[in-house]
Amino acid sequence: MSSIFANVPKGPAIEVFALTQAFKDDASTKKVNLSVGAYRTDVGEPWVLPVVRKTEISIAGDEAINHEYLPVTGLDTFTRAATELVLGADSAAIKEKRAFGVQTISGTGALRIAADFLLQQLKLNTVYYSNPTWENHHKIFFDCGFTKLHSYRYWDQEKRQLDLKGMLDDLEQAPEGAVVILHACAHNPTGMDPTHEQWKQIADLVERKKLFPLFDSAYQGFASGSPDQDAWAIRYFVDRGFELFVCQSFAKNFGLYCERAGNLTVVQKSGATRDQIHSQLTLIVRGQYSNPPAYGARIVSKVLNTPELRKEWMDSIQSMSSRIREMRKQLRDKLVALGTPGTWDHIVNQIGMFSYTGLNESQVAVLIKDYHIYLLRTGRINMCGLNTGNIDYVAKAINAAVTGVPAAVENKL
């Protein structure tokens, strides 16, 4: 008897995970992993935030905590704190009860719940996302059933900066009611964010065209070290009266990658529509995974709702963002000192974990094959993979890949 599964085709490898596996299998002592999107310390190790470890121990020792189900839409103290974090404690939308949160399976889950609601309840079937963007944006909306998926220009490869004109020209073609995915800060993968003035131009177009803004906020606080600064664009849109969704992840800014703590913040024009929206979101969650996990949400909730713990968390995100900025400066300076052809100022003009280096696929192939430096074929690198022990090696390798002149790069690992 033949198997019912015999004709199932093998799916394509997910690039970032394939590169990480190749890195693990590589026996070279010079190898560097610049592909995986996770924070690393200056010695290249994962970091459990001290305040997170302290809170974990506190939760584990609290005998009042049990393992009963949470409400379908999550831990209330978590969703309130997450919503306040992104909108601001003095947000009129919160005070007027026009905003609320729903706990999700990290930012990915928030995007999925949002997409399902937009399609099922608002009958919106068109979505625009940046080119380039996080690859899951297309997949999530496609898998939900959106049939009109478009990209808008974002990155100018020649000038290595935001292509604002291209972005606005493309969104000008969007039909009324189209969903537009906007990266709140630390754009993935380019690291290039609009200025405040550019955000105002984007908001003008979104308002005039009657588009629905969906903010993906995966790096609040992690980008600049200031949660308020990183939420500027979202708060600006809310203050202008937009109805919108914000998809929040606490993987990066709390280091809770595997705990999948996320929140979908809903902002409405009137609190009168809250019950309808909340009830439909409840049904979507119920049909997908029934109930959210408590552990990560409890950690985030306790930290954000306890002033002394919150201050410790702020110190941690400032430390992480400062290290990333220092690596940006050092990489740029070393490439300039080596006389590497081209301009490299974009590296320090970008923000957050990722940098779109401007390297092409052939140059990336050289870095992987000859120098054991793993990065995406687009040239995107995770700045956290750089440290004082490998940055000279990486800079010399990039110079060799760009110039085409093999270099006897010294092993600094």
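None of the values given here were measured: they were computed from a predicted structure.

Turning next to the pairing of strand 2 (residues 99-105). Each regular strand shows side chains that alternate between the opposite faces of the sheet. Strand 2 sits mainly inside the fold: six of its seven residues count as buried. Relative to strand 10 (residues 261-267), strand 2 is paired through seven bridges, and the arrangement is antiparallel. Looking at strand 10, one finds that A99 is bridged to V267.

Take the domain arrangement of the protein chain next. Size of an interface: often given as the accessible area lost when the parts come together. Split into domains, the protein chain comes out as domain 1 (15-47 + 322-404) and domain 2 (69-305). The centre of domain 1, based on its C-alpha atoms, is set 29 Å off from the matching centre of domain 2. Across the boundary between the two partners, domain 1 contributes 20 residues, which contact 17 residues of domain 2. Across the interface of domain 1 and domain 2, roughly 1,600 Å² is buried in total on both sides, 61% from carbon and sulfur atoms. Three residues, I351, F354 and Y356, lead the burial of domain 1 against domain 2; their summed loss comes to 36% of the area buried on that side.

Here we come to the nonpolar core. Counting residues in each nonpolar core, the largest one holds 59 residues, and the members touching the most others are F250, F254, W313, L331, L367 and I373. Counting only elements with at least two residues in this core, the list comes to helix 2 (50-60), helix 3 (76-87), helix 12 (295-305), helix 13 (307-337), helix 15 (361-371) and helix 16 (391-403). Formed jointly, this core draws a minimum of three residues from each of two domains, domain 1 (15-47 + 322-404) and domain 2 (69-305). V86, L164, A174 and L244 belong to the second-largest nonpolar core, a separate cluster that totals 36 residues.

This next bit is on unusual backbone geometry. The bulk of non-glycine residues show a negative phi, and the bulk of peptide bonds are trans. Geometrically, the link from N131 to P132 is a cis peptide bond, its omega value of 5° lying close to zero. Within the secondary structure layout, P132 lies in the loop between strand 3 (126-131) and helix 6 (136-144). The omega angle of the peptide bond from N188 to P189 is 25°, so this bond is cis rather than trans. When you line up the elements, P189 lands in the loop between strand 7 (179-183) and helix 8 (196-209).

What counts and how
- Residues numbered from 1 in each chain as written.
- Predicted model: local features only at pLDDT ≥ 70, side-chain atom pairs only at ≥ 80, totals over all residues.
- Heavy atoms only, no water.
- Buried < 20%, exposed > 50% of the residue type's maximum accessible area, 1.4 Å probe, protein only.
- Helix = DSSP H or I, 4+ residues; strand = E, 2+ residues; numbered from the N terminus.
- Pairing = 2+ DSSP bridges.
- Domains from an automatic or database assignment.
- Contact = heavy atoms within 4.5 Å.
- Buried area = accessible area lost by both parts, 1.4 Å probe.
- Core = buried A, V, L, I, M, F, W, Y, C linked by side-chain atoms within 4.5 Å.

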